[in-house]
Every structure is written in structure tokens, then in C-alpha cells.
Amino acid sequence: MEGTQTAGVDRFGVIETRGIDYVPEAERHGHPRELFSIFATASISYSNIIVGGLLPMFGLSPWQSIAVVLLGNLTWLLVGVLACSGPSAGTPSTMITRSMYGVHGNKINVAWTSWAICLAAQAVWLIFAVQTILALFALFAIPTPPIVQFVILCAIALATLTISVYGHATIARLSGLCAIVLAIGLVPLVASLAPHITMPSAAASIPFSPVAFSTALVLIASQGISWCNGADYARYLPATTPRSSIIFWTALGGAVPAVLLQIFGVLASSAIDMTNFQQALAAILPAWFYPVFLMLFLTGTICGSALVAYASGLALQAMGVKIRRARSVIVDGLVAVAITCYALFVSDLTSTITSVLEMIVVPLAPGMAIYLADMALRRNRYNGPGLNDDTPAGPVWYRNGFNWAGLSAQFTGSGAALLFLNTPIFTGPLARASGGLDLSVPSGMLVAATIYAVAFQRGRLRTQTASPLPLAT
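About the thresholds
Residues numbered from 1 in each chain as written. Predicted model: local features only at pLDDT ≥ 70, side-chain atom pairs only at ≥ 80, totals over all residues. Heavy atoms only, no water. Helix = DSSP H or I, 4+ residues; strand = E, 2+ residues; numbered from the N terminus. Buried < 20%, exposed > 50% of the residue type's maximum accessible area, 1.4 Å probe, protein only. Contact = heavy atoms within 4.5 Å. Salt bridge = Lys/Arg side-chain N within 4 Å of Asp/Glu carboxyl O. Polar contact = N/O pair within 3.5 Å; in protein donor to acceptor, adjacent residues only side chain to side chain. Patch = residues over 30% accessible without salt bridge, like charges linked within 9 Å, V, L, I, M, F, W, Y side chains within 5 Å. Areas by Shrake-Rupley, 256 points an atom, 1.4 Å probe, with all protein chains shown as cover. Core = buried A, V, L, I, M, F, W, Y, C linked by side-chain atoms within 4.5 Å. Phe/Tyr/Trp six-rings, centres within 6.5 Å; stacked < 30°, edge-to-face > 60°. Lys NZ or Arg CZ within 6 Å of the ring centre and 35° of its normal. Expected span 1.5 Å × (residues − 1). Axes fitted to C-alpha atoms, helices over the stretch in contact; angles between N-to-C directions. Parallel < 35°, antiparallel > 145°, perpendicular 65-115°, else oblique. Nonpolar A, V, L, I, M, F, W, Y, C, P; charged D, E, K, R; others polar. Left-handed = near helix turned anticlockwise from the far one by under 90°. pLDDT = per-residue confidence, 0-100.

So, on to the overall build of the chain. A count of helices and strands for the chain gives 22 helices and zero strands. Residue burial in the chain is summarised as follows: out of 473 residues, 58% are buried. In the chain, of all internal contacts separated by at least 6 residues, the share reaching a separation of at least 24 is 84%.

Written out as C-alpha cells, the structure is:
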């Protein structure tokens with residue numbers, strides 16, 4: 001057994017002792033409202049303003065861009081549905097997926113759909129944090145040679161990892177405070193930019209382009225899809241927590257700030273250069289508020305990075321690395337720092353961020369579809385202790401530790417997504433044949449869910465099991 005049944009600790013200001021192991025019902029606590037602040041903190045970031053501001057660059061009108069924002073953020077509803085598996089299983093998302101891929105197969109799945117993605121996302125958050133401090137230093141004419149930038153990066157990483165090491169309860173408490181502070185700080189930002197914004201005219205329309213619309217939609221949808229690990233933050237809730245409340249608070253926390261900030265970004269693109277967001281703001285915002293704005297969003301990026309670092313630590317454990325959760329966070333943090341160094345000193349910032357957001361749908365969209373299909377087929381019934389049983393006698397061992405129903409669905413779905421992907425660094429053959437139409441998300445999800453559902457049903461018929469974790473070979 002990988003898990004431990006000793007009493008766990010999950011209190012604010014105390015290092016969380018549980019990692020991927022099962023959380024007994026006696027240790028469950030909290031209210032689904034906590035999920036609102038956690039995911040709101042992830043969404044209240046000026047990265048969402050930048051992403052929204054980039055949409056008109058795809059060749060979309062402001063109204064078309066707003067439609068993309070509204071449609072793309074519907075993926076947060078799916079994140080809320082996935083979060084419902086947390087209280088049911090009492091384990092993180094990366095352990096629940098053992099039911100789909102098997103003990104050993106899950107290690108492969110987690111490595112490229114969770115761990116690698118978390119590291120890339122954490123690097124993006126760290127980049128934003130470093131850029132914020134560099135803008136603050138520039139305001140006071142403080143020189144920032146590469147060695148200074150590296151020291152800044154290390155300091156931010158230390159703050160981020162400290163929060164992540166303390167774990168779930170500390171993250172939940174700080175997220176609530178952070179969300180309130182950031183929401184208040186947005187008021188003078190909007191008020192300062194509003195007079196410079198040119199509102200779109202209904203008469204001044206741009207011809208609709210399915211290619212531009214679909215490509216932009218993938219960019220927006222990818223942000224919700226990237227939070228498939230909602231169960232990580234919901235697993236401490238009592239098993240009897242209403243699913244509707246979990247879905248509501250998760251989706252509300254993630255989608256509402258994202259929609260508002262992205263729409264604001266769309267409108268603000270008429271007033272400022274979104275490819276150089278911070279310097280453009282410096283010329284518009286009141287002198288007193290600009291440094292305050294930078295400090296507010298530095299706080300938000302640190303909290304957002306901490307969320308991702310927490311998930312990446314759990315993913316590293318789920319890959320079979322025998323290490324305590326707190327230490328796994330530190331290991332992943334060092335890797336993320338290395339990635340950030342490359343992005344800061346070698347690569348172009350804007351292209352790095354857009355490429356990461358667009359490419360992650362290849363593994364994550366099919367993975368989300370398989371996860372949703374598994375929840376539906378099992379009626380969200382998971383045996384938490386059984387998920388932590390990595391022996392051949394365990395319910396998720398399947399065939400030599402691999403569930404080929406999940407693995408074949410994942411790889412086939414990812415292949416389908418890749419065929420229809422259209423990004424600056426890669427265009428799939430089917431996307432090219434269709435003139436650049438990007439159908440990577442729906443094609444990947446549909447193919448993966450169909451293959452998994454068919455294989456699951458066939459496996460259940462063969463095994464004729466009545467286990468709460470029916471086999472699907």
C-alpha cells in the first residue's frame with residue numbers, strides 16, 4: 001500500500017502531512033465555498049487581461065472576441081464536475097486516474113498530462129512574477145542585469161514553494177485573502193483604463209473567420225482545461241458534500257474573474273499595446289497606483305504559482321517517486337526555475353506563453369474527456385483506499401499494472417487533437433487541409449471519450465464484477 005492510515009494534519013500554518021494517500025472521513029472538513037477563492041485566485045491575474053487583449057490580434061472583432069471568451073470559459077464547468085471526484089475518492093486527481101490507466105499506466109499518464117504541464121504552467125506564473133518585479137525596479141531606475149534577475153527569480157520561487165510546502169489548508173486560507181485584495185485592486189485599474197478604451201461599434205464589424213475564431217477559442221479554453229486537478233483541492237471535503245455546490249463554487253471562482261478580465265483585456269487592447277502590457281500601463285495609470293498595481297499582481301502570481309506547485313508535487317508522488325509531499329514540491333520547484341530561466345533569458349515571453357497554452361490541449365483535452373467518462377460510467381463512486389493499493393491484488397492493477405482502455409484512449413485522443421491543432425509552432429495535417437481550422441479540443445475529447453467508454457463497457461462485461469471499481473481491460 002502506498003498510503004498511510006495514520007492521522008493526518010491539514011491546518012493553516014502547519015505543514016500538511018498527507019500527500020497522495022487517502023483522507024479518511026474523520027479528517028474531512030471545510031465548505032465548497034473554499035473552492036471559489038482557490039480558483040478565483042488562479043484566475044485573478046493580469047495574464048488573463050493579456051490573453052484577452054491578444055484575441056483581436058487573431059483577426060477577430062471585439063464582439064467576436066467577447067463571444068470567444070464566454071464560450072471558452074465554459075470549460076470551468078467541466079473543472080467543477082471533475083472536482084466532485086475529490087470528496088468521493090478522498091485522494092488527489094492524479095491518484096483517481098489510476099482507475100482509468102492502472103497503477104503503472106497512470107505513471108505514464110501523469111508524467112505527461114499532469115507533471116510536465118504543471119511544471120510548464122508554474123514556469124509561466126514565475127515569469128509573470130519576475131516581469132512584475134523588473135517593472136517595479138525599472139520604475140525606480142534600479143538596474144537589473146541577468147544575475148539580479150536570477151536572484152529575483154529565486155526569491156519568488158522561495159516564497160511560492162514555502163506556501164506550497166505548507167499545503168492545502170494554508171493555500172485555502174491565503175487564497176481567500178488574496179482573492180479579496182486582488183478584486184479590490186482591480187477597481188482603480190479599471191477606472192484608470194476606462195477613459196482610454198474605445199467601445200466597439202456594432203456597425204464596425206469584421207467578417208467572421210472560422211479559422212481565427214477556432215484558434216482563439218482553443219487559447220481561452222486551454223486555461224480551464226489546464227485545471228483538471230480540481231479534486232486535489234476538494235478531497236478534504238466530506239463525502240456527503242453536494243456535488244452541485246462543488247460544481248457551482250469551482251466554476252464560479254474560475255470562470256467569473258477570467259471572463260471579466262479577458263473581456264476587459266479585449267476592450268483595453270484598443271488603448272494599450274498588449275505585447276508590452278506593463279510599460280503601456282505605466283503611461284496610463286496614475287503614478288501613485290502603478291507600483292501598487294505591480295505589488296498586487298505580484299501577490300496574485302505568487303499565489304497562483306503556489307497552487308500549481310502544490311499540484312505538481314502530488315503528481316510527482318503519483319508517478320511513483322518515493323518522496324514526502326513537501327519535498328516533492330521543492331524538487332519540482334527547482335525544475336520550474338530552470339524552465340523559467342530558459343524562457344527569461346533565451347526565449348520570447350509572449351510566444352512562450354501562447355505556445356504553452358495552445359499546446360497543452362493535446363494531452364489535457366483527451367485526458368479531461370476520459371476522466372469525465374470514467375466518472376459517469378462509475379457514477380462517481382471511487383474506492384479511495386483501493387486507489388492507493390499498488391499491489392497485484394488491488395482493484396486498479398488491471399493487467400500487469402496497465403489499463404489499456406485508458407491508455408489507448410489517451411494516446412489516440414491526443415493524436416486526433418494533434419491532427420487538428422493549429423499553432424504558430426505546429427499545424428496538424430487536418431488543420432492544414434481545412435484551411436487552418438483548429439478542432440483540436442472537440443476532436444481529442446470526442447475520440448478519447450468514445451474509445452474509453454466502449455473499452456470500459458466491454459471490459460466490464462468480460463469481468464462481470466460488482467466492485468465499486470469495475471475492471472476495464
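There's more to say after this.
Under the criterion given, the structure shown has six salt bridges. Overlapping salt bridges, with partners in common, bring together Glu 16, Arg 235 and Arg 325 in one network.

Take the side chain of Thr 97 next. Structurally, the position occupied by Thr 97 is in the loop between α6 (93-96) and α7 (98-101). Residue Thr 97 is classed as buried on the basis of its relative accessible area, which comes to 8%. From its side chain, Thr 97 meets the backbone oxygen of Thr 94 in a polar contact 3.2 Å long. Contacts of Thr 97, omitting those with residues within four sequence positions, involve Asn 106, Asn 109, Val 110 and Tyr 371.

What follows covers a nonpolar patch on the surface. A cluster of nonpolar side chains, contributed by Leu 71, Leu 74 and Leu 77, occupies part of the molecular surface with about 280 Å² of accessible area. Inspection of the secondary structure assignment puts Leu 74 in the loop between α3 (62-72) and α4 (75-83). Taking the relative accessible area as the measure of exposure, Leu 74 reaches 48% and is therefore partly exposed.

What follows deals with the nonpolar core. Ile 156, Trp 227, Tyr 233 and Tyr 452 are the most contacted members of the largest nonpolar core, which totals 87 residues. If you tally residues by element for this core, the top one is helix α18 (residues 361-378), at twelve residues. Residues within four places of Tyr 452 in sequence aside, it is in contact with Ser 99, Met 100, Ile 370, Ala 373, Asp 374, Leu 377, Arg 378, Asn 403, Ala 405, Gly 406 and Ala 409. In terms of nonpolar packing, the next biggest core, distinct from the first, is built from 46 residues, Ile 50, Cys 178, Val 259 and Phe 264 among them.

Turning our attention to the packing of aromatic side chains. The geometry of two aromatic rings is summed up by the distance between their centres and the angle between their planes. This model, assessed by the stated rule, comprises 13 aromatic pairs. Between the aromatic rings of Phe 402 and Trp 404, the centroid separation amounts to 5.4 Å while the plane-to-plane angle is 15°, which identifies the pairing as stacked. A residue is classified by how much of its surface remains accessible, and Phe 402, at 22% relative accessible area, is partly exposed. With relative accessibility at 47%, the residue Trp 404 sits in the partly exposed group. Joined through ring pairs, the aromatic side chains of Phe 39, Trp 76, Trp 227, Tyr 233 and Tyr 310 make up one cluster. Looking at Arg 173, its charged tip hangs above the ring of Phe 12, at a distance of 4.4 Å from the centre.

All right, on to helix α11 (residues 210-225) then. Structurally, the α-helix is built with 3.6 residues per turn, so residues lying three or four positions apart point the same way. With 16 residues, α11 should cover 22 Å at 1.5 Å per step; its first-to-last C-alpha distance of 21 Å lies within 8% of that length. Taking burial as the measure, the 16 residues of α11 include 13 buried ones, the bulk of the element.

Our focus in this paragraph is the packing of helix α2 (residues 46-54) against helix α8 (residues 103-139). Taken N-terminus to C-terminus, the directions of α2 and α8 make an angle of 100°; their axes are 11 Å apart at the nearest point. Classified by the interaxial angle, the pair formed by α2 and α8 is roughly perpendicular. Contacts from Tyr 46, Ser 47 and Ile 50 of α2 reach α8 at Phe 128, Gln 131 and Thr 132. The residue inventory of the contact of α2 with α8, partitioned by class, reads three nonpolar, three polar and no charged.

Our focus in this paragraph is helix α1 (residues 33-43). Burial analysis of α1 places eight of its eleven residues in the buried class, which makes it a mostly covered element. Buried residues of α1: Leu 35, Ser 37, Ile 38, Phe 39, Ala 40, Thr 41, Ala 42 and Ser 43, and no others.

Take the environment of Gly 86 next. The topology assignment puts Gly 86 in helix α5 (residues 85-89). For Gly 86, a relative accessible area of 0% corresponds to the buried category. When the C-alpha positions of Gly 86 and Gly 230 are compared, they lie 7.5 Å apart, and in sequence the two are 144 residues distant. Sequence-distant contacts of Gly 86, that is, excluding residues within four places in its chain, are made with Thr 91, Ile 96, Ala 231, Ala 234 and Arg 235.

Before going further, it helps to spend a moment on the environment of Thr 299. With respect to the helices and strands, Thr 299 occurs in helix α15 (residues 289-318). Overall, the relative accessible area of 36% leaves Thr 299 in the partly exposed class. Sequence separation between Thr 299 and Ala 179 is 120 residues, and the spatial gap between their C-alpha atoms is 9.9 Å. From its side chain, Thr 299 meets the backbone oxygen of Met 295 in a polar contact 3.0 Å long.

Turning our attention to the packing of α2 against helix α13 (residues 243-268). Relative orientation of the contacting elements α2 and α13 amounts to 50°, with a least axis distance of 6 Å. Regarding the angle of α2 to α13, the classification is oblique. Seen along the crossing, α2 lies across α13 with a hand that is right-handed. Each of Asn 48, Ile 49, Gly 52 and Gly 53 in α2 lies in contact with α13, whose residues at this interface are Ala 258, Leu 261, Gln 262, Phe 264, Gly 265 and Val 266. Of the residues in the contact of α2 with α13, the class split is five nonpolar, five polar and no charged.

With that out of the way, let us pick up the confidence of the model for the chain. Detailed reading of the predicted coordinates is not advisable wherever pLDDT falls low. Looking at the chain, the pLDDT average stands at 85 and 90% of residues meet or exceed 70. Element-level pLDDT for the chain is lowest in helix α17 (residues 349-359), with a mean of 61, against a maximum mean of 96 in α4. Low pLDDT, under 50, characterises residues 463-473; the stretch is placed with 32 contacts to residues that sit more than four places away or in other chains.

We now examine unusual backbone geometry. When glycine is set aside, most residues are seen to have a negative phi, and most peptide bonds are trans. Even without glycine at this site, Arg 379 takes up a positive phi of about 55°. Owing to a relative accessible area of 55%, Arg 379 belongs among the exposed residues under this scheme. Even without being glycine, Asn 400 reaches a positive phi, approximately 60°. With respect to the helices and strands, Asn 400 occurs in the loop between α19 (384-387) and α20 (404-419). On the accessibility criterion, Asn 400 (59% relative accessible area) is exposed.

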